[in-house]
Amino acid sequence: MHLIVQDVKYKTKRNVALSPEVQVLITLRYYATGTFQAVIGDHIRVNKSTVCGTIKRVSTAIARLCPQFINMPETAQERSIVQTGFYKIRNFPRVIGAIDCTHIRIQSPNSDIGERFRNRKGYFSFKVQVICNSNMKIMNIVSRWPGSVHDSTIFDNSLVRAKFENHEYRNNVFLIGDGGYPCRNYLMTPLLNTSTQAEENYQRAHISTRNVVERVFGVWKRRFLALAVGIRTQLSTSMKTIVATTVLYNMLLEQRDEMPHNEEPIRPEFLHEFNANPIRQTRNLVRSQLINSVFS
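Parameters at a glance
Residues numbered from 1 in each chain as written. Predicted model: local features only at pLDDT ≥ 70, side-chain atom pairs only at ≥ 80, totals over all residues. Heavy atoms only, no water. Buried < 20%, exposed > 50% of the residue type's maximum accessible area, 1.4 Å probe, protein only. Helix = DSSP H or I, 4+ residues; strand = E, 2+ residues; numbered from the N terminus. Pairing = 2+ DSSP bridges. Contact = heavy atoms within 4.5 Å. Axes fitted to C-alpha atoms, helices over the stretch in contact; angles between N-to-C directions.

### Considering the pairing of strand 2 (residues 125–132)
For strand 2, the tally of buried residues reaches eight of eight residues, placing the bulk of the element in the interior. Along strand 2, one buried face is formed by S125, K127, Q129 and I131 and the opposite face, lined by F126, V128, V130 and C132, is buried too. Judged from the eight bridges that link them, strand 1 (residues 95–105) and strand 2 form a sheet pairing that is antiparallel. In the sheet register, D100 faces strand 2, and the bridge partner there is V130. Sheet analysis places strand 2 next to strand 3 (residues 138–146), joined by six bridges and oriented antiparallel.

### Observations concerning the environment of W220
Counting through the fold element by element, W220 comes out in helix 9 (residues 197–223). Note: C-alpha distance between W220 and Y249 (29 residues apart in sequence) is 6.7 Å. Those residues in contact with W220 that sit more than four places away from it in its chain are T102, I104, V128, V130, I141, L227, I242, T245, T246 and Y249.

### What about the sheet that holds strand 3?
A sheet is described by the order of its strands in space; here five strands give the open sequence 3-2-1-4-5, paired in mixed fashion. The outermost strands of the open sheet, each flanked by one partner alone, are strand 3 and strand 5 (187–188). Strand direction decides the pairing type here: strand 1 and strand 4 (residues 174–176), joined by three bridges, are parallel. Across the sheet, residue G97 finds its bridge partner in strand 4, namely L175. Its contacts with the sheet put helix 6 (residues 76–90) on strand 1 and strand 2, and the angle it makes with strand 1 is roughly 75 degrees. The strands touched by helix 11 (residues 235–254) within the sheet are strand 1, strand 2 and strand 3, with strand 3 carrying the most contacts at an inclination of about 165 degrees.

The following block contains the structure:
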């Protein structure tokens, strides 16, 4: 609360301006329930337009905290800690992040670009790319792409990819992703088919190690139901809401807050993840060397 109080505090007492505490509570209620803003307004006797403006105001303030709470491991020591965490899962070496995309439902943009946000399941969404560590902390997020865009396109246009291409992450470290990503020297993807025991060992280790990012999506959407049932705000506010909930997710994780249980009443299709259309995978030399040297 103290991190954003100056950003959301009104400079006037006119019109009985909402206090920072009330603004934050309104926004958190929206994140946690996904309830229509008019319903929230009726509950606390505040106009719907005030609720809408409050959610935008608070989401913007929380999203500004992103550099403080969402960061890739930059130092050698930080990377070593993350690699050790992943290695303990299934002995997959040198991994500093599990990467994947998820769809966050939104209302129809109702504009010329609206159909770009319709994903292949038929609903409107943002496609959000996330990189996490083995402790389920989100270390990187890209939340601006419409639902029709392929995973590989988002990654190819991301800052993280540029850093890997510029060799800013040293010691031959890897990201680990599914078949929706291209296999590269720094991005390990699953094999299309396995023909040896070493390849089978690699495949099993890859699946187990990468699974953590799927768990992140499940917990994130259960903790903030608005992400599961759908965000009903303008596109700019929706993007800020996605980032803001990521900041809060990491804050709660840091404070060891109890994770939500699976028995919460959410329709299964709201949490269902569907894989990106696979792209053609070439037999990457680094991946082959890894299989032969580590998993044989």
